[in-house]
Amino acid sequence: MISLLLLALPAFAADPAPEATPAAPAPVLVRLDPPSEPKVTLQLGIGTQRVPHSSFAPNGGRTTASLSGRYHLTKWLGVDVALVHARTGGNREFYNDSDDYYADEDYYAESVHTSLLTERLDVGVSVEVPVTVWFHPFARVAAVGAINVARLDEDTSDPTNLNQLSQVGFDGGGYVGGGLAFPIPVRHQVRLVPSLEVGYSGLTPVGLGDMGSLADSGLTARFAWGVSF
C-alpha cells in the first residue's frame, strides 16, 4: 500500500542551480600622450644695432624690428630664421666747392634729408640649455644677408620725386650672440617665451655708388616675446 501511494505522488524535479552572473568587462584604459617638448618657437622682437655715425645714422644706432622662428631639432639644437627690418635717417650737407668756399659765410650749398631702409635675413643654428622649465640660456650663430635702399631728397617719404637720389646696396656676413629665454608653461607643450639677446653682427660695408659706403657692423641687442608649441 505504501508503495502504491509513493508511486501516485507527483515527481518533483530538483531546482536548477542559479546561473552565474557574467563578469563585468574590464575598464578600457585611455592612454594619454605625455606632454611633449615644443617643436616651433615664433617671436616678435624690437632691438637696436650700434653702427658708426653717418648722415644715415646720426646717433650711431639703428632701431630694429624682427620676426623670428626656431625649429627645434632636439631639446638642445634648433634651426633659426629671422627677418629684421630697420629704417633710419638724418640730414646730409653738401658743400660749396667754389673758389670763394672759405670766404662765403653760407658755405653749405644745401642740406637734404636722408633715409636708409634695410631688410635683413638671418639663417643659422642655436643651442639651448634647459637649465629649468623656466630658464633656458641659449647661443646662436647665423649667416646674414641684407638689402639696403638709401635715399637723398628734400622729402624722402615721396619716392616719385624726380630730384630724389636713390641707391641700392647689398651686404652680408655673420652674427654670433647669446641670450636668456624664460618659457612660461601654458598648457601641454604650449609656452609663452620672452627672451633677451645680445650679440655682434660682422658685416661687409654697404656700397651705395656715388653716395659712398656705410660700415654696417656693430653690437646688437634685442627683446622678444613669442610662443612655442
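Participant: Residues and numbers for the overall build of the protein, please.
Facilitator: Secondary structure assignment for the protein yields one helix and eleven strands. Order of helices (α) and strands (β) in the protein, N terminus to C terminus: α-β-β-β-β-β-β-β-β-β-β-β. Classification of the 229 residues of the protein by burial places 34% in the buried group. For the protein, the exposed area adds up to about 14800 Å²; of that, 65% sits on carbon and sulfur atoms.

Participant: Outline the pairing of strand β7 (residues 184-187), listing residues and values.
Facilitator: In the sheet, β7 pairs with strand β8 (residues 190-203) via three bridges, with the strands oriented antiparallel. Considered in β8, the bridge of P185 is made with R191. The antiparallel hairpin formed by β7 and β8 contains two residues in its connecting segment, where H188 sits at a positive phi of about 50 degrees.

Participant: Quick rundown of the nonpolar core? Include the residues and the values.
Facilitator: One finds F56, V112, L116, A150, L152, V206, L208, M211 and L214 forming the largest nonpolar core, which totals nine residues. Listing elements by their share of this core, those giving two or more residues are β4 (108-128) and β5 (136-153).

Participant: Talk me through the environment of S195; I want residue IDs and the actual numbers.
Facilitator: Its place among the elements puts S195 in strand β8. Look past the residues within four positions of S195 in its chain and what remains in contact with it is Q43, F138, L180, A181, R222, F223 and A224. A distance of 3.2 Å separates polar atoms of two side chains, one belonging to S195 and the other to Q43.

Participant: Explain the environment of S213 to me, using residue names and the numbers behind them.
Facilitator: By the element assignment, S213 lies in strand β10 (residues 213-214). S213 sits in the exposed class, given a relative accessible area of 53%. Setting aside chain neighbours within four positions, we find S213 in contact with V206, G207 and L208.

Participant: Tell me about the pattern of salt bridges, and please be specific about residues and values.
Facilitator: Overall, the coordinates contain eight salt bridges when judged by the stated rule. One salt bridge in this structure joins R120 and D122, with 2.8 Å as the shortest N-O distance. Exposure class is identical for R120 and D122. Each is buried. Each of R70, D80, E128, R140, E197 and R222 takes part in a single network of salt bridges with overlapping partners.

Definitions and cut-offs
Residues numbered from 1 in each chain as written. Predicted model: local features only at pLDDT ≥ 70, side-chain atom pairs only at ≥ 80, totals over all residues. Heavy atoms only, no water. Helix = DSSP H or I, 4+ residues; strand = E, 2+ residues; numbered from the N terminus. Buried < 20%, exposed > 50% of the residue type's maximum accessible area, 1.4 Å probe, protein only. Areas by Shrake-Rupley, 256 points an atom, 1.4 Å probe, with all protein chains shown as cover. Pairing = 2+ DSSP bridges. Core = buried A, V, L, I, M, F, W, Y, C linked by side-chain atoms within 4.5 Å. Contact = heavy atoms within 4.5 Å. Polar contact = N/O pair within 3.5 Å; in protein donor to acceptor, adjacent residues only side chain to side chain. Salt bridge = Lys/Arg side-chain N within 4 Å of Asp/Glu carboxyl O.

It is worth stressing that arrangement in space is one thing and function is another; only the former is reported here.
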